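Architecture at a glance
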Amino acid sequence: MIPSLFVSLKVLAADIPLLLFLGTSIGWILAKKNFRGKNLVYNLIILPIALPPSVVGLYLLMALGRIPYLKEANILFSFTAAVIAPLFPALPIMIQAAKSGFSAVDEKLEAAARTLGDSEFKVFRRVTFPLAKPYIIGGLALSSMRALGEFGVTLMIAGNIPGRTQTLPLFIYSSVESMSFFEANIAAILLTALGIASLLIVKRMGGKA
Amino acid sequence: MKDCLEATFFKRLDNFSLDVSLRLKEEIGVLFGPSGAGKSQTLKILAGIVKPDKGRINLMDRLLYDSSSSVFIRAAKRKIGLVFQELALFPHLTVLENVAYGLKGPNRWRLAKSWLDAMRLEGFYDRMPDQLSGGQKQRVALARALAPKPDLLLLDEPFSALEGPLRRALRRELKKLFERVKTPILYVTHDIEDVCSLANRVFIMRDGSIMADLEASKLWDPLSQANIWHSLGWGTLIRGEIEINDGYHWFTWQKGRLRLSPSKDLTAGRATVFIPPDQIKLIYPNLPVDHELQPNTQEGTIVEKMEINGSVRLYIFGAGVEWHAEYSKDSYLNLNLREGHPILFSIKPSSITVLTDGECCSAN
């Protein structure tokens, strides 16, 4: 179980910065910018939430195994695949939360900051981001937990290789399959505790989950 | 005095077009007009938040916008302070941090404190905006906008959400503040009291254009009053003829007549009269009527009653004319003033402004 815990924590350590950076940037663009095809882009981004993980996993398996450049990168069944897989169900949650947070910031506050001499970046740093922060904290906690619990897409593109791509949810699956219920229960309790802890952190930091 | 602001611009909006031309000296200019006239959009364009389609804006000899040479200075570099109707205080920052927001350098905190002290807000430095009263918030918003020493201050109906006495007190403070800092101010409002108490210059706006630009003192000149106020839907205008009968001057129209003040300038013939809404006096049916009002007593029916900012506005239909009357909410308390009810009213001859044809552009 310990190797699986380490894999899960390594995946989480790689995914949290990606969720924060990609989720915040895409959420900001969707909340504040108008462009042709915005609705289509938004629907494509949240589509993985609406699809069964096995379907998302199959599409990724085909893309990573057949598209020449991606195939040469040898991502399939590697640790990189275990990092990429949870992003598909988790990133839409983060984007949605960031978008809601940025949309909730009154444009007049941003306009006031501009008239007081702020560049666009400074308006974001001093007004938009601090005011959207509770939503971003909430989104980050929920999406991280979704990433930690990811099962289907990881199994499809990263496999279930102990010590390399086997995360805690996959460990539970393998343990139950081999009738090792005690170990499965320990791993389940660990994931439950992490889920509760993340919700408490969100609440303590004033996040909106 | 030299013009501080010279702006001419055009902007096509969803429902109408803005076609604005205005000049402002070192003075308080009030941009007055009904809701939807384009006042707030005008401020946004001046502040650089919205880009016009074409035109030119010059402030203190700095070119801020020129469509012909593709110059557009963004809001951050314009040195224009803006106070929104909603004030837009940063809710995550303290009062002091709000005022220091636009300041730079090692003295920024000292300067922000001195602004707050000047606004009688010493002791409020560490409060959050939601812990302040309406009047305190207004003063913080003014201090924040003025602290970076802007070349122009734009105020978008900043006192509209406040009660009457507080609004009047803040107007007085704003006037004093202007005397101290001498920053030209452009103040947007649809409240006539703001015009009367603040303006050095009045820009009257309707349907996206400035239809009058005049010194505040000229606002009460009878001719400008009739044309401007009536075109804004304020006051009663009647077309008819002047007759001289029994030694008196009478203004008559198809369904009624009014006695006018004797004047050697009045001659018989076609004319238009204008009656400001506050000059229409309501009459108690069972009480004696002032001798000046007696000959001009009219009968009518109240068609609409509105209460606005402590005053009551009545639209009365009588003698073939829709009369517009306005009075303080505390007056005429014993009269039954409900829509559909009959009413007696009158106008003193000295309160009637006579315009000969050609002086007036529109009439009922």
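Predicted model, so just to flag it, every value in this text is computed and none were measured.

Reading the values: the criteria
Residues numbered from 1 in each chain as written. Chains lettered and ligands numbered in written order. Predicted model: local features only at pLDDT ≥ 70, side-chain atom pairs only at ≥ 80, totals over all residues. Helix = DSSP H or I, 4+ residues; strand = E, 2+ residues; numbered from the N terminus. Buried ≥ 20, exposed ≤ 12 C-beta atoms within 10 Å, placed from the backbone. Contact = placed C-beta atoms within 7 Å. UniProt positions renumbered as here; feature names shortened; annotations may be inferred. Nonpolar A, V, L, I, M, F, W, Y, C, P; charged D, E, K, R; others polar. Pairing = 2+ DSSP bridges. Axes fitted to C-alpha atoms, helices over the stretch in contact; angles between N-to-C directions. Domains from an automatic or database assignment. pLDDT = per-residue confidence, 0-100. Parallel < 35°, antiparallel > 145°, perpendicular 65-115°, else oblique. Left-handed = near helix turned anticlockwise from the far one by under 90°.

What follows concerns the overall build of chain A. Helix and strand counts for chain A come out as 11 helices and zero strands. Traced from its N-terminal end to its C-terminal end, chain A shows the element sequence α-α-α-α-α-α-α-α-α-α-α. Dimensions of chain A along its principal axes, counting C-alpha atoms only, are 65 × 45 × 25 Å. Counting across all 209 residues of chain A, residues that qualify as buried make up 42%. In chain A, the share of contacts with a sequence separation of at least 24, taken over all contacts with a separation of at least 6, comes to 78%.

Quick look at the UniProt feature "domain: ABC transmembrane type-1" (unreviewed entry) in chain A now. Here the UniProt feature "domain: ABC transmembrane type-1" (unreviewed entry) sits at residues 5-202 of chain A. The span residues 5-202 of chain A carries 80% helix and 0% strand; its end-to-end C-alpha distance comes to 23 Å.

Per the UniProt record, "domain: B30.2/SPRY" (unreviewed entry) is found at residues 1-109 of chain A. Secondary structure over residues 1-109 of chain A splits into 82% helix and 0% strand, and the C-alpha atoms at its two ends are 50 Å apart.

All right, on to the interface of chain B and chain A then. Contacts between the two partners involve 15 residues from chain B and, on the opposite side, 14 residues from chain A. If one sorts the elements of the side of chain B that touches chain A by residue count, strand β7 (residues 80-83) of chain B sits on top with three residues. Broken down by class, the residue content of the side of chain B that touches chain A amounts to 11 nonpolar, three polar and one charged.

What follows concerns the sheet that holds strand β18 (residues 311-318) of chain B. Residues and elements named next belong to chain B. Taken in spatial order, the five strands make up an open sheet running β16-β20-β17-β18-β19, and their pairing is antiparallel. The sheet terminates laterally at β16 (281-283) and β19 (321-328), the two strands that pair on one side only. Strand-to-strand, the axes of this sheet are offset by a mean angle of 45°, without reference to chain direction. Relative to strand β20 (residues 342-346), strand β17 (residues 298-308) runs antiparallel, the two being bridged by four bridges. Bridging across to β20, Gln-298 finds its partner in Phe-345.

This paragraph deals with the domain arrangement of chain B. Annotation of chain B at the domain level lists domain 1 (5-227) and domain 2 (234-356). In this structure, domain 1 of chain B and domain 2 of chain B have C-alpha centres spaced 38 Å apart.

Right, let's talk about the confidence of the model for chain B for a bit. Residues and elements named next belong to chain B. Looking at chain B as a whole, the pLDDT averages 88, with 94% of positions reaching at least 70. When pLDDT is averaged over each helix and strand of chain B, the minimum, 66, is found for helix α7 (residues 222-231) and the maximum, 97, for helix α2 (residues 95-100). This stretch, residues 358-364, has a pLDDT under 50; its non-local contacts, to residues over four places away or in other chains, come to 15 contacts. Per the prediction output, this complex has pTM 0.75; the corresponding ipTM is 0.81.

Here the focus is the packing of helix α1 (residues 2-32) of chain A against helix α8 (residues 120-148) of chain A. Residues and elements named next belong to chain A. The N-to-C vectors of α1 and α8 enclose an angle of 140°; their axes lie 10 Å apart at closest approach. The pairing of α1 with α8 is recorded here as oblique in orientation. In the packing of α1 onto α8, the handedness of the crossing is right-handed. Of α8, the residues touching α1 (which contributes Ser-8, Leu-12, Asp-15, Ile-16, Leu-19, Leu-20, Gly-23 and Thr-24) are Ile-136, Gly-139, Leu-140, Ser-143, Ser-144, Ala-147 and Leu-148. For the contact of α1 with α8, a count of residues per class yields eight nonpolar, six polar and one charged.

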